Amino acid sequence: MQKTNTNKDSQMNDEALIAAYSDGKQSAFDIIYQRHSAPLYRFILRQCNQNISLSEEIFQDTWMNIIKNSKQFQAKSSFSTYLYQVTRHKIIDHARKKISHREDEHSNDSDALESAKMEQPDEKTQLAICIELLQQCIQKLPDEQKEAFILKQETEHTLDELARITQTTLETFKSRLRYAMKKLREWLPGECL
Amino acid sequence: MNQHHNDEFDDKKLSDLYRQGATEKPSDNISHKILSAASEQAKLNRSGPNLIEYLINMITSSRSLAFAAVMVIGISIILQIQFDQPEQIVPQSISDSIPAATMKPDSTEILAEPENFSEPMDSASDLEKSISKSLSPAKPVTKADEKRRNESDRKAQSEAKRRMAEENQLMRQRSQEKKEKRMMLAPENAFSPAPVISPLTSTLNCDELTNRACLSSAKCTLSFHDNNLTCQSTVNHCEKGFVQMDMYKEQCEQKTGCQYITGHCNCDADESCSCINDELPSCEPIKRAE
């Protein structure tokens with residue numbers, strides 16, 4: 001996720017970078033964006049059931065919020081925790097209704113899953129099929145379990161931090177994650193795992 | 001244990017499979033928009049905030065300064081009006097001839113006897129009205145009219161002066177009377193337990209004192225005679241120097257052969273006193289058993 005960069009700024013942690021940016025240093029923001037943009041985008045995309053236009057809208061809205069309030073950020077928690085908390089709220093604010101519409105379109109998820117399984121190996125490689133199956137299985141998870149699984153995969157936060165981001169207790173978060181992983185293992189064919 | 005417990009959430013195969021499929025990135029277009037916005041904000045962060053903070057400080061401080069200024073000006077105006085009021089009532093030419101006591105009575109007299117000043121003030125107000133009326137500019141007139149008017153003005157002014165002098169004299173008399181009354185009441189009003197004998201009281205005979213003044217006099221004793229309260233000179237060593245009040249009980253009993261007789265009297269402002277069971281506080285010689 002993080003590219004090795006000889007630039008001194010790239011060695012700085014997120015909190016120092018956002019402080020530098022709030023003092024007017026544009027390059028500090030560029031590094032932060034480079035570090036977090038892709039995983040954050042994927043987190044939004046998965047949460048929005050792969051709806052690209054909605055995900056981009058939320059993604060942009062989130063970063064605009066971060067840019068505007070960079071001076072207000074106080075390093076009580078890590079910047080990354082703050083970033084995902086803001087994103088989560090944006091998703092809740094903007095996307096719930098749209099996601100529900102999208103869910104209607106995916107009412108035949110099980111059919112899609114079956115069709116993916118039935119596709120011939122010679123058309124797609126085994127790995128590509130497994131990846132696609134995993135994405136479809138993730139979309140089938142209940143929202144809270146899906147959120148827990150994606151956050152765990154896309155970020156390097158500890159379980160405590162993830163529980164804080166999702167505004168729940170550690171045990172609840174663990175429970176959600178445990179169920180998510182159990183279901184995914186059950187749903188995916190043996191040759192994928 | 002905890003590490004082992006958390007290991008259950010690290011499914012390497014599942015994670016690897018997920019990461020191999022996690023290749024999506026935000027489009028260049030949206031990244032460009034975000035970075036441009038960030039660049040704009042960075043410029044503002046470099047120069048803007050100081051100016052904004054400066055302006056906010058200016059507004060905040062100037063608002064409080066303006067408030068303080070309004071308060072100071074308001075209070076000044078009120079005080080100015082209060083101090084200037086008596087002088088504004090009477091025209092300058094007349095005020096010169098009026099004693100200062102009338103124009104600016106001292107504050108203690110105002111507090112003690114406000115009624116004294118209501119009349120002169122009303123008179124002054126009436127006077128001002130009459131003077132203003134007589135001095136008010138008239139329509140163009142002939143010399144004879146002007147002469148007549150000047151004459152009537154002079155008369156009005158001299159009349160005003162005379163009336164003000166009379167009012168002032170009357171007011172001073174009343175003030176003197178009130179002062180004398182206050183001096184007579186002083187022992188009851190005073191907080192000091194020591195008897196306060198006013199110069200006026202000390203020069204009067206006992207039978208000339210009011211009941212209240214008699215009670216507080218060390219030279220006189222108030223007692224019942226034929227169902228009437230009478231003030232007489234002290235007749236024995238017990239009464240001598242004794243003030244007929246509860247607080248002087250110890251003073252009485254320190255004298256050999258004297259005892260304090262408890263009594264309660266209420267003395268009104270008009271100097272009349274009524275005593276419970278006709279008993280007055282007194283210091284009397286102890287009667288020996290015969």
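Definitions and cut-offs
Residues numbered from 1 in each chain as written. Chains lettered and ligands numbered in written order. Predicted model: local features only at pLDDT ≥ 70, side-chain atom pairs only at ≥ 80, totals over all residues. Heavy atoms only, no water. Disulfide = S-S within 2.5 Å. Helix = DSSP H or I, 4+ residues; strand = E, 2+ residues; numbered from the N terminus. Buried < 20%, exposed > 50% of the residue type's maximum accessible area, 1.4 Å probe, protein only. Axes fitted to C-alpha atoms, helices over the stretch in contact; angles between N-to-C directions. Parallel < 35°, antiparallel > 145°, perpendicular 65-115°, else oblique. Left-handed = near helix turned anticlockwise from the far one by under 90°. Contact = heavy atoms within 4.5 Å. Nonpolar A, V, L, I, M, F, W, Y, C, P; charged D, E, K, R; others polar. Phe/Tyr/Trp six-rings, centres within 6.5 Å; stacked < 30°, edge-to-face > 60°. Lys NZ or Arg CZ within 6 Å of the ring centre and 35° of its normal. Buried area = accessible area lost by both parts, 1.4 Å probe. Salt bridge = Lys/Arg side-chain N within 4 Å of Asp/Glu carboxyl O. Polar contact = N/O pair within 3.5 Å; in protein donor to acceptor, adjacent residues only side chain to side chain. Core = buried A, V, L, I, M, F, W, Y, C linked by side-chain atoms within 4.5 Å. Domains from an automatic or database assignment. pLDDT = per-residue confidence, 0-100. Pairing = 2+ DSSP bridges. Patch = residues over 30% accessible without salt bridge, like charges linked within 9 Å, V, L, I, M, F, W, Y side chains within 5 Å. Areas by Shrake-Rupley, 256 points an atom, 1.4 Å probe, with all protein chains shown as cover.

1. Some thoughts on the state of the cysteines
Residues and elements named next belong to chain B. Taken as a whole and assessed by the stated rule, the structure comprises 5 disulfides over all chains. In this model Cys214 forms its disulfide with Cys231; the gap between the sulfur atoms is 2.0 Å. Looking along the S-S bond of the Cys214-Cys231 disulfide, the torsion reads about 90 degrees, which is the right-handed sense. Residue Cys214 is located in helix H10 (residues 211-215), and its partner Cys231 is located in strand S2 (residues 228-233); the two are separated by 17 residues in the primary sequence. Neither residue differs from the other here; Cys214 and Cys231 are each classed as buried.

2. Structural notes on the packing of helix H1 (residues 14-22) of chain A against helix H2 (residues 26-47) of chain A
All names here are of chain A. At a closest axis distance of 7 Å, the pairing of H1 and H2 adopts a crossing angle of 140 degrees. One way to sum up the angle between H1 and H2 is to call them oblique. By crossing handedness, the relation of H1 to H2 is classed as left-handed. For the pair formed by H1 and H2, the contact residues are Asp14, Leu17, Ile18, Ala20 and Tyr21 on the first element and Gln26, Ala28, Phe29, Ile31, Ile32, Arg35 and His36 on the second. Classifying every residue of the contact of H1 with H2 by side-chain character gives 8 nonpolar, 2 polar and 2 charged.

3. Points about the packing of aromatic side chains
Residue and element names in this part refer to chain A. Counted under the stated rule, the structure contains 13 aromatic pairs over all chains. Centre to centre, the rings of Phe29 and Tyr33 are 6.3 Å apart; their planes meet at 20 degrees, and the pair counts as stacked. With Phe29 and Tyr33 both in helix H2 and 4 residues apart, this pair spans about one turn of that helix. One exposure class covers both Phe29 and Tyr33, and it is buried. The rings of Tyr21, Phe29, Tyr33, Tyr41, Phe59 and Trp63 are connected pair by pair, giving a single aromatic cluster. A cation over an aromatic ring shows up here: Lys140 above the ring of Trp187, its NZ or CZ 4.9 Å from the ring centre.

4. A short note on the interface of chain B and chain A
Listed by partner, the interface residues are 34 residues for chain B and 44 residues for chain A. Across the chain B/chain A interface, buried area totals approximately 3400 Å², and carbon plus sulfur atoms make up 63% of it. In this structure, the salt-bridge partner of A:Arg46 is B:Glu24, at a minimum N-O distance of 2.9 Å. Taken together, chain B and chain A are joined by 12 residue pairs in polar contact (both at pLDDT 80 or more). Secondary-structure elements contributing two or more residues to the side of chain B that touches chain A are helix H1 (2-7), helix H2 (12-21) and helix H3 (28-89) of chain B. Counting residues per element, the side of chain B that touches chain A draws most heavily on H3(B), which supplies 13 residues. Taken together, the residues of the side of chain B that touches chain A sort by class into 13 nonpolar, 12 polar and 9 charged.

5. Details of the nonpolar core
Core analysis: the largest hydrophobic core is formed by 61 residues, its most contacted members being A:Phe59, A:Trp63 and A:Phe149. A domain split of this core shows at least three residues from each of domain 1 (2-98) and domain 2 (106-188) of chain A. Judged by nonpolar contacts, the second largest core, of 13 residues, contains B:Leu209, B:Leu222, B:Cys275 and B:Leu280.

6. Observations concerning the pattern of salt bridges
Within this structure, the stated rule accounts for 15 salt bridges over all chains. In this structure, A:Asp143 engages A:Lys146 in a salt bridge whose closest nitrogen and oxygen atoms are separated by 4.0 Å. Note that A:Asp143 and A:Lys146 are positioned in helix H7 (residues 143-154) at a spacing of 3 residues, about one turn of the helix. Judged by its relative accessible area of 31%, A:Asp143 is partly exposed. B:Asp10 serves as the salt-bridge partner of A:Lys152, at 2.9 Å between the closest nitrogen and oxygen. Here A:Lys152, found in helix H7, pairs with B:Asp10, found in the loop between H1 and H2, and the two come from separate chains. On the basis of relative accessible area, A:Lys152 is assigned to the buried category, the value being 16%. Residue B:Asp10 is classed as partly exposed on the basis of its relative accessible area, which comes to 46%.

7. Examining the side chain of A:Arg176
Residues and elements named next belong to chain A. Relative to the helices and strands, Arg176 is located in helix H9 (residues 170-187). The class of Arg176 is buried, set by a relative accessible area of 16%. With residues up to four places along the chain from it excluded, the contact list for Arg176 reads Glu144, Gln145, Ala148 and Thr168.

8. A word on the confidence of the model for chain B
The predicted structure's coordinates, where accompanied by low pLDDT, should not be read in detail. All names here are of chain B. The predicted model of chain B averages 70 in pLDDT, with 61% of residues at 70 or higher. The secondary-structure element of chain B with the lowest mean pLDDT is helix H6 (residues 107-112), recorded at 40, while H2 shows the highest, at 89. Long-range and interchain partners of residues 88-124, a stretch whose pLDDT sits below 50, account for 46 contacts in this model, where long-range means more than four residues apart. The low-confidence segment residues 186-200 (pLDDT under 50) makes 18 contacts with residues lying over four places distant or belonging to another chain.

9. Observations concerning the pairing of strand S3 (residues 258-261) of chain B
All names here are of chain B. Burial along S3 is one-sided: Cys258 and Tyr260 are buried, and none of Gln259 and Ile261, which face the opposite way, are. With 4 bridges connecting them, S3 and strand S6 (residues 282-285) associate as antiparallel partners. In the strand pairing of S6, Tyr260 is matched with Cys283.

10. Observations regarding the confidence of the model for chain A
Overall, the predicted model of chain A reaches an average pLDDT of 83, with 80% of residues at or above 70. Counting interchain partners and residues more than four positions distant, the pLDDT-below-50 stretch residues 1-6 of chain A has 7 contacts.

11. Quick word on the packing of H7(A) against H2(B)
In contact at an axis separation of 10 Å, H7(A) and H2(B) are set at 80 degrees when each is read in the N-to-C sense. Taken together, the axis directions place H7(A) and H2(B) in an arrangement best described as roughly perpendicular. Between H7(A), through A:Phe149, A:Ile150, A:Gln153 and A:Glu154, and H2(B), the contact on the second element is made entirely by B:Leu14, B:Ser15, B:Tyr18 and B:Arg19. Of the residues belonging to the contact of H7(A) with H2(B), the class tally is 4 nonpolar, 2 polar and 2 charged.

12. Some details on a nonpolar patch on the surface
Residues and elements named next belong to chain B. Taken together, the side chains of Phe67, Met71, Ile75, Leu79 and Phe83 present a nonpolar region at the surface, about 530 Å² in accessible area. Examined against the element boundaries, Leu79 turns out to sit in helix H3. With relative accessibility at 40%, the residue Leu79 sits in the partly exposed group.

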